[in-house]
Amino acid sequence: MSREKSIFEQMGGTYTEKDGILYPNIHIDEEQTETMQDVFAGKYGDLWKKYMKENQPERYYYLVRLGQLKQKAVEINEEADEMLTVC
């Protein structure tokens, strides 16, 4: 029986079958991750990125996947700078 291709397959994606269930073959490009990590987001933003990657890798890669890692790191850096100037 022929089945209709999913949008994922139409875009070139593939699946792996395990126990009768099709799982999409999805991965994060490590080169892109390293490029995102190398973007300087300030002292405290970079410290936060390092902490997240080592201690909360699920959240780190979630932000990478959404493309929000740099934005969040810059926000963290700005908050830290504000805290320092208030004191």
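Right, let's walk through the structure included here. (Residues numbered from 1 in each chain as written. Predicted model: local features only at pLDDT ≥ 70, side-chain atom pairs only at ≥ 80, totals over all residues. Heavy atoms only, no water.)

**What to know about the nonpolar core**
Here is step 1: Ala 41, Trp 48, Met 52, Tyr 60, Leu 63, Val 64, Leu 69 and Ala 73 together form the largest nonpolar core, which totals eight residues.
Here is step 2: Within the residue set of this core, elements represented by two or more residues are α3 (43-55), α4 (57-66) and α5 (69-86).
Here is step 3: It is α4 that contributes the most residues to this core, three residues altogether.
Here is step 4: Not counting chain neighbours up to four residues away, the residues in contact with Leu 63 comprise Trp 48, Gln 68, Leu 69 and Lys 72. (Core = buried A, V, L, I, M, F, W, Y, C linked by side-chain atoms within 4.5 Å. Buried < 20%, exposed > 50% of the residue type's maximum accessible area, 1.4 Å probe, protein only. Helix = DSSP H or I, 4+ residues; strand = E, 2+ residues; numbered from the N terminus. Contact = heavy atoms within 4.5 Å.)

**Side note on α3**
Here is step 1: Helix length check: α3 (13 residues) gives 18 Å between terminal C-alpha atoms against 18 Å at 1.5 Å per residue, within 8%.
Here is step 2: Every buried residue of α3 is listed here: Gly 45, Trp 48, Lys 49 and Met 52. Mapping the buried residues of α3 onto a view down its axis gives an arc of 100 degrees, with all of them on the same face. Exposed and facing more than 90 degrees away from the buried side of α3 are Lys 43 and Glu 54. (Expected span 1.5 Å × (residues − 1). Arc of directions from axis to C-beta.)

**Brief notes about the pattern of salt bridges**
Here is step 1: The tally for this structure, following the rule as stated, stands at one salt bridge.
Here is step 2: The closest approach of N and O atoms between Asp 46 and Lys 49, which form a salt bridge, is 3.5 Å. You can see Asp 46 and its partner Lys 49 sitting in helix α3, three residues apart, about one turn around the helix.
Here is step 3: Asp 46 sits in the partly exposed class, given a relative accessible area of 25%. (Salt bridge = Lys/Arg side-chain N within 4 Å of Asp/Glu carboxyl O.)

**Re the packing of α3 against α4**
Here is step 1: Put simply, α3 and α4 touch, their axes get as near as 5 Å, and they point 120 degrees apart. In terms of orientation, α3 and α4 fall into the oblique class. Residues Trp 48, Lys 49, Met 52, Lys 53, Glu 54 and Asn 55 of α3 form the contact with α4, whose participating residues are Pro 57, Arg 59, Tyr 60, Tyr 61 and Leu 63. (Axes fitted to C-alpha atoms, helices over the stretch in contact; angles between N-to-C directions. Parallel < 35°, antiparallel > 145°, perpendicular 65-115°, else oblique.)

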